[in-house]
Amino acid sequence: MSELTRDAVAHLAGLARIDLSDAELDRMVGELGVILESVAAVQQAGTEGVEPMSHPLPLINVHRPDVARPSLTPQEALSGAPAVDEQRFSVPRILDED
Amino acid sequence: MAQATTAEPVLTWAATNAAYDPVMGLEVHVELGTTTKMFCGCTTTFGAEPNTQVCPVCLGLPGALPVVNEIGVESAIRIGLALNCEIATWCRFARKNYFYPDMPKNFQTSQYDEPICFGGHLDVELDDGTVYRVEIERAHMEEDTGKSTHVGGATGRIHGATHSLVDYNRAGIPLIEIVTKPMVGAGERAPEIARAYVATLRDLLKALGVSDVRMEQGSMRCDVNLSLSPKGSDAFGTRSETKNVNSLRSVERAVRYEMTRHAAILSSGGRVVQETRHWHEDTGITTSGREKSDAEDYRYFPEPDLVPIAPSREWVEELRAALPEPPGQRRKRLQGEWGYSDLEMRDVVNAGLVDLIGETVAAGASASGARKWWSGEIARRANAEGSDVVTYAESLGVGPAHVAELESLVSGGRLNDAMARQVWDGVLAGEGRPAAVADARGLELVQDSGALEAAVDAVIAANPDVAQKVRDGKVQAAGALIGQVMKELKGQGDAAAARALILAKLT
Amino acid sequence: MTTELITSTAAELAGLLAAGSVSAREVTAAHLDRATAVDEAVRAYLHVDAEGALAAADEVDRRRAAGEPLHALAGVPVAVKDVVVTRGLPTTAGSRILQGWVPPYDATIVTRLRAAGMPILGKTNMDEFAMGSSTEHSAYGPTHNPWDLDRIPGGSGGGSAAAVASFQAPLAIGTDTGGSIRQPASVTGTVGTKPTYGGVSRYGLIAMASSLDQAGPCTRTVLDAALLHEVIAGHDPMDSTSIDAPVPPVVEAARRADVSGMRIGIVRELTGEGYQPGVQRRFDEAVQHLIDAGAEVVEVSCPSFTHALAAYYLVMPSEVSSNLAKFDAMRYGLRVLPEGIDDPSAEQVMAATRDAGFGDEVKRRIILGTYALSSGYYDAYYGSAQKVRRLIADDFAAAFERADVLVSPTSPTTAFPLGAKLADPLSMYMQDIATIPANLAGVPGLSLPSGLADEDGLPAGFQILAPATRDERLYAVGAALEARLTAAWGGQLLAKAPALQAISTKEA
């Protein structure tokens, strides 16, 4: 379970959209293997019948009224954009149809 | 990824249905008509200048956090109730992780295994009166993406584009996704049933007031999942998912096409590829998009920036009690009140005239009179213009009040049908209200019995042979005499009264 | 005068400002001068905003002269960790992928600092995206510990702690996900608090692990921490996870500094083996001080704490892998084109940018998190880790039945040399072994100096933990201990730090 092959790491890097170099990939496999061994301990923790916890505090039903709030100006919205055209974010050609 | 530009082989419709049974799953996304987005206070008005309705939250800026729109939750619950669903006592949002430039966070805040509504049904009535029950798997809350325009390609589509321009105004608008359970047993009526389901759902959502459900504007979107299994087999086949189905007509055509395409593959011994396909309304085919077998692993996990939603049972019951009458039920009730036959009601429904007739009746007309005018005369004129009745009437500024007034002039004996049609011409030409037009054109039934009797006498005298036929028992011959009486009275005679008088004198 | 200003506590400065003995401009200018003098050596700051800070100071002076009512801390300057979004000031989160990004909005806590009239001196250095325990993973070079410039200042908030420890700021804002405020405080001889989860708004904190992150004060005294805590804490409608309740009475507790009758719980799993002897010794002495001050000590056991590190390094990277997906070269930040490809697609640009813009530690954690969430592994990893969280929270709850606060050494070691742990990520992760449980359970924690370790003369930290929403207990215990220790030392611990020279010439 704690074995992560090079192919598996490459697949994960693809899912995470990070283009790792071969050298990085090799290094990562070793490092991750070590980390995974230690975190695999979590499965020994005796969690039978324990409810998972995603929030420290039992808050529920937090919402806001359907009332408009000020938006950013288009200039503010586009201010950090690497490329802008016609008041829109210009992005390189997209391969996959949604 | 090669895009097929020529159609793939299809089997005939007959051969398809002889050998295979379809299983459909329809996913409908409804854009809510809330004032603000699902997780932030940006407005949602359609058609605004690009990137003028964005903020750190819906733009996915580092550090921004979502806060749930309470009307988004309320609408989800109302939709679930209208679909006879159970409403979760406790549910959460989840992150659906994938990368796409129109996704500001590269995850969609949605719901995964804890949807707010689940386990419902919608009864769909088909044209011939058959009812098909569509089982609803779930309805859940999520957010819409931004919109990309692809630049540089031939058709404005992704294929061949050099770059894209992204507008995030739409990102974050609340969506409710409604998912059916697999629809089985539809057989060759599958296309019809799919269309009817979407149409019925649309009417329901419209009646709830949660969305303007305009498929052409994208506020209601339908994805069609379809697979075939050989007749007699229980096993589900491999399914394809078809997107870009933007109208009721497309729903029906896409289901039909996919059935024949799958059939062609299966009958030649091939295997259907599990993939996403794109419907082309112009050519009537689907083309391959992405292979779904290399499906993204969405790595769902509960959204840590939001807390669970736990609608109280009191609130749910309040919402249930305030639901509007379901459209199907309302139609049955009105049919009874109006005394229409099934066929008459179906015609009225199919022409989209239920509301107009309802308003006309409310304005004082009889139900039969209202139907006669709207489904008859006005529909005829609308068709001649190539329009539908509702649009036609709207464009000319005429409505229920006009029809009711006209009908009352006829039923009150002031006008006969022929005269009414002339008055209507005047109304449509903008000459004014029916009574005013009748006055202006001097249209009025002659009620003077003296004039009527004089005319009848003159006609009988002028047509002794026809009169004799009537005396001899050929009552139908009176028709010619009636016609002449009307001519005498310049069309302003009461035909029924003339007939009665003629018969009285001759029989 | 300048030296007095920069070595004064925030409370003292507030007093001087209110009395009119000194202007806000003088106070801010003194700290800016100090930065100019020493920060080339310390490298606490990524960006100093002299103009903005002085303008804010002038505004406070103007308002005070006009007799307008002002917040108690008005005119007291503050440094802000670069993971917090500041309108008009570059915000990088210590990463190349945000190099040059200037946010168009302020974090809620920044809005509150500005509303209080506190000039923002600049943005402090940090491990990239708050991932680290040494600030060595900053894309912009490490920060140096003012006690020994060849050593780490802790992380991920080493910049804020070092700024405060080197008197470049009386106050700083940090964030703490697994110890990133407390551990730097511990190794720099300063004070730092991680409030109850939800106690301080996260709106505008560049997210690392959403269910663990909290912003908090970095200061030189417990009272200063309480004062800053009060400014930034409180409900925020822009943060769905923020607590809708009044801020706990932290300042009052710090002033009263009363531990008589309080039960102090020593967590067995957080002391002893693995803890540097000098650190352990100072801890034991501090506990004795608390007993002398009227507290009672009990020993408690939290067995699930032994799994805390593992759970943390599953929950945190999972949330990280999702939170960092937004950095994709489309809307802001770095855009790098892949080499050797003529007409790259958006997908290729994303992948090339993320490889170029993220450092090694960030990439490691993203990949780890992607794995932990992926189908087939969710239950074994993320799912199990969330269950261990529940066990940890339950252990805390049980312990807090028997003790009013829990205590431990903040970090197992004193500041280690720069570079010493870079080759061994796991040994770096072990730095947070005592601080991580509090983040997993959401309970508040504070670190204050316990003294200098004998073996190396470097600061050690004393950690106090309290039940969720009972942050005031941290300050009661912290202030009481601080008073005794300061008396024993004959002054602030920081007075024993080597003086920092202004570096004007490079070593030959």
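Above: the structure in question.
Quick caveat, the model's predicted, so the values are computed rather than measured. (Residues numbered from 1 in each chain as written. Chains lettered and ligands numbered in written order. Predicted model: local features only at pLDDT ≥ 70, side-chain atom pairs only at ≥ 80, totals over all residues.)

Caption draft 1: Expanded view of the nonpolar core. By size, the foremost hydrophobic cluster in this structure holds 285 residues, and its most contacted members are Val78(C) and Leu314(C). If you tally residues by element for this core, the top one is helix α11 (residues 308-323) of chain C, at 10 residues. Filtering out sequence-adjacent residues up to four positions away, Val78(C) remains in contact with Leu113(C), Met118(C), Ile120(C), Leu121(C), Ala169(C), Leu171(C), Ala172(C) and Ile173(C). By size, the runner-up hydrophobic cluster in this structure holds 26 residues, among which are Ala370(B), Ile378(B), Ala393(B) and Val403(B). (Core = buried A, V, L, I, M, F, W, Y, C linked by C-beta atoms within 7 Å. Buried ≥ 20, exposed ≤ 12 C-beta atoms within 10 Å, placed from the backbone. Helix = DSSP H or I, 4+ residues; strand = E, 2+ residues; numbered from the N terminus. Contact = placed C-beta atoms within 7 Å.)

Caption draft 2: View of helix α13 (residues 360-373) of chain C. Between the first and last C-alpha of α13(C) there are 20 Å, a value that for 14 residues agrees with the 20 Å anticipated at 1.5 Å per step. Of all 14 residues that make up α13(C), 12 are buried, and the element is covered over most of its length. Where α13(C) is concerned, the buried positions are Glu361(C), Val362(C), Lys363(C), Arg365(C), Ile366(C), Ile367(C), Leu368(C), Gly369(C), Thr370(C), Tyr371(C), Ala372(C) and Leu373(C). Residues of α13(C) that are buried sit in contact with α1 (6-15) and α2 (22-39) of chain A, β15 (301-302) of chain B together with α11 and α14 (379-402) of chain C. (Expected span 1.5 Å × (residues − 1).)

Caption draft 3: Broad picture of the interface of chain B and chain C. Contacts between chain B and chain C engage 24 residues on the former and 31 residues on the latter. Among the residues making up the side of chain B that touches chain C, the classes are represented as 15 nonpolar, four polar and five charged. (Nonpolar A, V, L, I, M, F, W, Y, C, P; charged D, E, K, R; others polar.)

Caption draft 4: Summary view of the interface of chain C and chain A. Taken residue by residue, the interface counts 59 residues in chain C and 45 residues in chain A. Put simply, the parts of the chain that give the side of chain C that touches chain A at least two residues each are α11, α12 (346-357), α13, α14 and α15 (425-429) of chain C. For the side of chain C that touches chain A, the leading source of residues is α14(C), giving 11 residues.

Caption draft 5: Focus on unusual backbone geometry. Between Gly155(C) and Ser156(C) the backbone carries a cis peptide bond, its omega angle lying at 5 degrees. Of note, the phi angle at Glu86(A) is positive, near 50 degrees, even though the residue is not glycine. By the secondary structure assignment, Glu86(A) is in the loop between β2 (84-85) and β3 (88-92). For Ala329(C), which is not a glycine, the phi torsion comes out positive at approximately 70 degrees. Relative to the assigned elements, Ala329(C) resides in the loop between α11 and α12.

Caption draft 6: Local environment of the packing of helix α3 (residues 24-42) of chain C against helix α4 (residues 50-65) of chain C. Residues and elements named next belong to chain C. In contact at an axis separation of 8 Å, α3 and α4 are set at 160 degrees when each is read in the N-to-C sense. The orientation of α3 with respect to α4, classified from their angle, is roughly antiparallel. For the element pair α3 and α4, the recorded crossing hand is right-handed. Here Ala-24, Arg-25, Thr-28, Ala-29 and Leu-32 of α3 lie close against α4, whose contacting residues are Ala-50, Ala-53, Leu-54, Ala-57, Asp-58, Val-60 and Asp-61. Here the residues of the contact of α3 with α4 are counted per class, giving eight nonpolar, one polar and three charged. (Axes fitted to C-alpha atoms, helices over the stretch in contact; angles between N-to-C directions. Parallel < 35°, antiparallel > 145°, perpendicular 65-115°, else oblique. Left-handed = near helix turned anticlockwise from the far one by under 90°.)

Caption draft 7: Spatial organisation of the environment of Leu171(C). Residues and elements named next belong to chain C. Note that Leu-171 resides in strand β4 (residues 171-176). Here Leu-171 falls in the buried class, since 28 other C-beta atoms lie within 10 Å of it. The spatial distance from the C-alpha of Leu-171 to the C-alpha of Cys-218 is 6.0 Å, given a sequence separation of 47 residues.

Caption draft 8: Spotlight on the pairing of strand β9 (residues 163-167) of chain B. In terms of strand pairing, β3(A) meets β9(B) through four bridges, oriented antiparallel. For Phe89(A), the partnering residue across the bridge sits in β9(B) and is Val166(B). Sheet analysis places strand β8 (residues 147-151) of chain B next to β9(B), joined by five bridges and oriented antiparallel. Residue Val151(B) lies in a different strand from β9(B), and its bridge partner there is His163(B). (Pairing = 2+ DSSP bridges.)

Caption draft 9: Seen up close, the sheet that holds β15(B). Residues and elements named next belong to chain B. In spatial order, the strands read β5-β4-β15; together these three strands make up an open sheet with antiparallel pairing. Looking at the sheet topology across the chains shown, the edges are occupied by β5 (107-110) and β15. Strand direction decides the pairing type here: strand β4 (residues 94-97) and β5, joined by four bridges, are antiparallel. Residue Asn-97 lies in a different strand from β5, and its bridge partner there is Phe-107.

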